[in-house]
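Structural overview for review
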Amino acid sequence: MQSMPSDQHAILVGVRNALTTALRPDPELTISQWSDQYRVLSRVSAGEPGRWRTLRTPFLREIMDCLSPSSPYSRVVFMKPAQIGGSEVLLNMLGYIIHYAPGPTMLVEPTVELAKRFSRQRIASLIENTSVLAQRVSDPRERDSGNTILAKEFPAGVLVVTGANSSVGLRSMPARFLLMDEVDAYPPSASTGAAGTEEGDPVDLAIRRTGTFANRQIAMISTPTIAEVSRIEQAYLESDQRKYYVPCPHCCAFQILRWSGVKWPDRKPGAALYECERCHGPIADHHKPAMLARGEWRAEAAGDGDTAGFWLNGLYSPWTMWGQLAKDFLRARKSPERMQTFTNTVLAETFQQAGATKTDASELLARREPYRADEILPVGIVLITAGADLQADRIELEIVGWGRDEESWSLAYVVLPGDPAQRELWDMLDQTLLLTFEHPCGRELKIAAACVDSGFHQPTVQQFCNERAHRRVYPIKGMAGQRPIWPRMHGHSADRRPLWMVGVDAAKEALYARLKISEPGPGFCHFPITDQYDLGYFEQLTAETCRVRYSKGFAHREWTKKAGARNEALDARNYAYAALQSLVAGGFRLNKQAQQLEAMLAAKAAGDDVQRQQAPQPARDRGGRQPWIEPQHWFNRRSE
Ligand SMILES: [Zn+2]
């Protein structure tokens, strides 16, 4: 036999031992019973140190027991919120294997780095604090202990901990027990390292290693991520789809806890309660422990007969109050990015990405509102920016008003015809950028910042912008890929002049999420009823869709538009948004500004009481539509 590296040798010895003992009948104790009897939680890492008690999180019992060797299921899927005890399920299973059902075991974390961290922090603590395990796994500090961070030997078995990004790790040995943690964070493909060649789906690779064991046991656990690419959702849909039903403390009706059941009085999210779906009785936080204890998993699908699937959201957490969740929800609602985190980590649901489904242009057309930029502005606007897209024979420009939580009002969409090589076109752009707008508080608002596309005619654009740098007119270039909307530092053009690289993908993602918001408030996009905002405008604005594509082992979001479709309106909006972000990067805060303007408005209202009857303010409420006079195109009028 040829010599081989000692750790590989250790693994082989472990595997051989495991194969011989795998023939022994498995013990009767289930994983939950084992955990209650033996598992001790450390003082350092656990919120509740001391003996493990399944009673505390009763919904984990059936999940653990389906993972036990005596269960008829070979695969267990757990689609879960964050902080519900998913890792504890895996640790209890590991403890059980080491003590009670030794065999070759593989634990896969999303990356090798995370695998090392999980081993150092969680597995080390599991072994140290549970005496029957400490006896079986020798101290890693001893020489020849067969115990390293990524490989731990124990009598008649071995545990290999690896990352889903390492095909070498995933191929290292056959495994009877396969524990896959946070599968939605796995890369789409494992790589071999230096060469970077793709090796295929890490979940498939890992499952292939269990093929030789008829009595294999596979655990798949994750918080879900994005719809359509979520592995855990896919696996759950193939399972028998169990949900946890708990009884109402008033009418005893068994029900699933859903987000729609959490109710709170206006402006008092902290006082939230859960409303029973049958008797509508209020269910308080203190009812939860008893409800959880009496809860039961009910399968809602036939499944493949081999996979037990469990889904649970954060409403079931014994450590989280309804009021806290309501507060989290109100915060999350302010931005699509935070809403994704809330949807994934609290509701344990996949998030539909904004760009994945197209916003309907005709719906946007239908919801335009009667306000005019040449009259007093809608009251919510506190700041104005502009974005200009340069074309061979024209400049297309949007002027956007911004309010609290980035609610936006499109104020004008202007097409300035002309040759970019001629001065006239730039004079027109300059005049447009100098427009002022009347705020209801009595102040005039100027365009606070503007971005001008320098895709071509770069020297001209840069000269124009440099001369107006004091007005925050920036020469920019839209860049695809993962980058912030506004760069932390500007780049340079070929002739060493400053040029700002704008992350248009992030801007599109934000806009498309916002176009889906249907009620005025945070993020909502208002458009006025004027001829410029016709169906063609909204088709341009919604011209692109986002797809997830895989290359070099990583998921890339890629924005595409139909061949021949125009998208200048989308570019102009992205640049106007980038202009807002340039101010935010400089410390500007929309909500603070909104507060100040509201105070000025209140002061003015107090002084204006007498005049109010003669000069009515434009209605803020969409519901109270005013009779509409056919608009004049104020920007044409001014540029004539
Ligand atoms: Zn009830």
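Along each chain, numbering runs from 1 in the same order as the chain's sequence is written. Given that this is a predicted model, residues contribute local features only at a pLDDT of at least 70 and side-chain atom pairs are listed and counted only at 80 or more, while totals for whole chains, interfaces and linings are drawn from all residues. Each side-chain value is worked out from all heavy atoms of the structure, with water and hydrogens disregarded.

1. Thoughts on the overall build of the protein
The test is simple: Secondary structure elements follow DSSP: runs of H or I of four or more residues count as helices, runs of E of two or more count as strands, with numbering from the N terminus. Think of it in three bands: residues with accessible area under 20% of the maximum for their type are buried, residues over 50% are exposed, and the middle band is partly exposed, with areas taken using a 1.4 Å probe on protein chains only. Note on areas: Shrake-Rupley, 1.4 Å probe, and residue coverage restricted to the protein chains presented here.
The secondary structure content of the protein amounts to 20 helices and 26 strands. When burial is assessed residue by residue, the protein has 51% of its 640 residues classed as buried. When the accessible surface of the protein is totalled, it reaches about 30,100 Å², and 51% of it is carbon and sulfur.

2. Comments concerning the coordination of the zinc ion
Condition: For Na, K and Ca the donor cutoff is 3.2 Å, while for all other metals N, O and S atoms must lie within 2.8 Å; water is not among the atoms, so some sites may look incomplete. Think of it this way: with four donors and all angles in the 85 to 135 degree range, the site is tetrahedral; with four or six donors, opposite ones beyond 155 degrees and the rest between 65 and 115, it is square planar or octahedral; otherwise it is irregular.
Coordination of the zinc ion by the protein involves C248 (SG), C251 (SG), C276 (SG) and C279 (SG), with metal-donor separations of 2.3 Å. Around the zinc ion, the 4 donor atoms are arranged such that angles at the metal cover 104 to 115°; this shape is classified as tetrahedral.

3. With respect to helix α15 (residues 458-466)
So the rule is basically this: Each direction from the helix axis to a C-beta atom contributes to the arc, which is the arc of those directions. Contact between two residues is taken to exist if any of their heavy atoms lie within 4.5 Å; hydrogens are not considered.
Of all the positions in α15, only Q458, V461, Q462, F464 and C465 are classed as buried. Looking straight down α15, one finds its buried side chains confined to an arc of 160°; they lie on one side. Elements in contact with the buried residues of α15: β16 (383-391), α14 (423-433), β20 (444-453), β21 (473-479) and β23 (498-503).

4. Focus on helix α11 (residues 322-332)
Turning to α11, its buried residues number three or more, namely W322, G323, L325, A326, F329 and A332. Looking at the buried positions of α11, the neighbouring elements they touch are β11 (262-263), β12 (273-275), β13 (282-283), α10 (288-293) and α12 (336-345).

5. Brief notes about the packing of helix α16 (residues 504-515) against helix α18 (residues 568-585)
Let me state the cut-off plainly: Simply put, an axis is a line fit to the C-alpha atoms, just over the touching stretch for a helix, and the angle between two N-to-C directions goes from 0 to 180 degrees. When an angle is under 35 degrees it counts as roughly parallel; over 145 it counts as roughly antiparallel; between 65 and 115 it counts as roughly perpendicular; any other value is oblique. For this classification, the nonpolar set comprises Ala, Val, Leu, Ile, Met, Phe, Trp, Tyr, Cys and Pro, the charged set comprises Asp, Glu, Lys and Arg, and every other residue, Gly included, is treated as polar.
Running from N to C, α16 and α18 point in directions that differ by 100°, and their axes come no closer than 10 Å. With respect to α18, the element α16 is oriented roughly perpendicular. Residues V504, A507, K508, A510, L511, Y512 and R514 of α16 form the contact with α18, whose own contacting residues are L570, R573, N574, Y575 and Y577. For the contact of α16 with α18, the per-class residue count stands at 8 nonpolar, 1 polar and 3 charged.

6. Focus on the side chain of T350
Heads up, the condition is: Residues adjacent in sequence count toward polar contacts only when both atoms are side-chain atoms; beyond that, a polar contact is any pair of N or O atoms within 3.5 Å, and within protein one must be able to donate a hydrogen and the other to accept it.
The residue T350 is located in the loop between α12 and α13 (361-366) in this model. Classification of T350 as buried rests on a relative accessible area of 15%. Engagement of the side chain of T350 in a polar contact is seen with the side chain of E233, the distance being 3.2 Å. Not counting the four nearest positions on each side in its chain, T350 is found in contact with P224, T225, I226, A227, S230, E233, T343 and N344.

7. Thoughts on the nonpolar core
One broad trend across soluble globular proteins is that nonpolar side chains are buried collectively. So the rule is basically this: Residues belong to one nonpolar core when they are buried, are Ala, Val, Leu, Ile, Met, Phe, Trp, Tyr or Cys, and are joined through side-chain atoms within 4.5 Å.
F59, L107, V108, I123, M180, L315 and Y316 are the most contacted members of the largest nonpolar core, which has 94 residues in total. The dominant element in this core, judged by the number of residues it contributes, is helix α4 (residues 86-100), at 8 residues. With residues near it in sequence (within four places) discarded, L315 still touches L257, R258, W259, V262, Y274, K288, W322, L325 and L347. The next biggest cluster of nonpolar side chains, apart from the first, holds 30 residues, and it includes Y371, A386, I395 and L416.

8. A look at the environment of A494
Mapped onto the secondary structure, A494 falls in the loop between β22 (491-492) and β23. A494 gets classed as exposed once you look at its relative accessible area, which sits at 81%. In this structure, the C-alpha to C-alpha distance between A494 and P459, residues 35 residues apart in sequence, is 9.6 Å.

9. Looking at the sheet that holds β12
To keep it simple, the criterion reads: Two strands make a pair as long as DSSP finds a minimum of two bridges between them.
With respect to topology, 3 strands assemble into an open sheet ordered β11-β12-β13, the strand pairing being antiparallel. Unpaired on one side and paired on the other, β11 and β13 mark the two borders of the sheet. Pairing of β11 with β12 involves 2 bridges; the strand directions are antiparallel. Each bridged residue has a counterpart across the sheet, and for K263 the counterpart in β12 is L273.

10. Here we look at the pairing of strand β6 (residues 157-163)
Taking burial as the measure, the 7 residues of β6 include 7 buried ones, the bulk of the element. Here β6 shows a buried face lined by G157, L159, V161 and G163 and a second buried face lined by V158, V160 and T162. By the bridge criterion, 6 bridges tie strand β4 (residues 104-109) to β6 in an arrangement that is parallel. Following the sheet pairing, P104 is matched in β6 by V158.

11. Structural notes on the pattern of salt bridges
Quick note on the threshold: What counts as a salt bridge is simple: a side-chain nitrogen of Lys or Arg found within 4 Å of a carboxyl oxygen of Asp or Glu.
As enumerated under the stated definition, the model contains 25 salt bridges in all. The partner of R242 in a salt bridge is E62, with the nearest N and O atoms 2.7 Å apart. Here the residue R242 occupies a position in strand β9 (residues 242-247), and E62 occupies one in helix α3 (residues 60-66), the gap between them amounting to 180 residues. Looking at R242, the relative accessible area reads 8%, which means it is buried. Taking the relative accessible area as the measure of exposure, E62 reaches 27% and is therefore partly exposed. One salt-bridge network, held together by shared partners, links D393, R394, E396, R566 and E568.

12. A few points about the packing of α11 against α12
Two numbers describe a pair of packed helices, the interaxial angle and the distance between the axes. Interhelical geometry of α11 versus α12 gives an angle of 150° and a closest axis separation of 8 Å. Taken together, the residues of α12 that come into contact with α11 (itself represented by L325, D328, F329, R331 and A332) are R338, M339 and F342. Counted by class, the contact of α11 with α12 contains 5 nonpolar, no polar and 3 charged residues.

13. Structural notes on the packing of aromatic side chains
Test applied: Aromatic rings from Phe, Tyr and Trp, with only the six-membered ring used for Trp, were paired whenever their centres fell within 6.5 Å, and each pair was classed as stacked if the ring planes differed by under 30 degrees, edge-to-face if by over 60, and tilted otherwise.
Scanning all chains against the criterion turns up 24 aromatic pairs. Note on Y274 and W322: the rings are 5.3 Å apart at their centroids and 35° apart in plane angle, and the pair reads as tilted. Of this pair, Y274 sits in strand β12 while W322 sits in helix α11, placing them 48 residues apart in sequence. The class for Y274 is buried, based on a relative accessible area of 4%.

14. Considering the environment of V183
Residue position: V183 is located in the loop between β7 (177-181) and α8 (202-208). Not counting residues within four places of it along the chain, the set of residues in contact with V183 comprises V203, M220, I221, S222, R231 and I232.

15. Some remarks on unusual backbone geometry
The phi torsion at Q241 lies on the positive side, around 50°, for a residue other than glycine. Position of Q241 relative to the elements: it lies in the loop between α9 (231-238) and β9.

16. Remarks on the confidence of the model for the protein
Heads up, the condition is: pLDDT measures how confident the predictor is about each residue, on a scale from 0 to 100.
Scored by pLDDT, the protein has a mean of 86; 85% of the residues are at 70 or more. This model gives residues 20-25 a pLDDT under 50, and the stretch forms 4 contacts once residues within four places in sequence are excluded. Here residues 612-640 is a poorly scored stretch, pLDDT under 50, and it has 46 contacts once near neighbours within four places are set aside; other chains count.

17. Digging into the state of the cysteines
What counts is decided by this rule: Disulfides are defined in this document as cysteine sulfur pairs within 2.5 Å.
One pass over the full model with this rule turns up 0 disulfides. Free cysteine: C252, not disulfide-bonded; nearest cysteine sulfur from C251 at 6.7 Å. A residue is classified by how much of its surface remains accessible, and C252, at 40% relative accessible area, is partly exposed. Here C465 stays unpaired: no disulfide links it, and the sulfur of C451, its closest cysteine neighbor, is 8.7 Å away.

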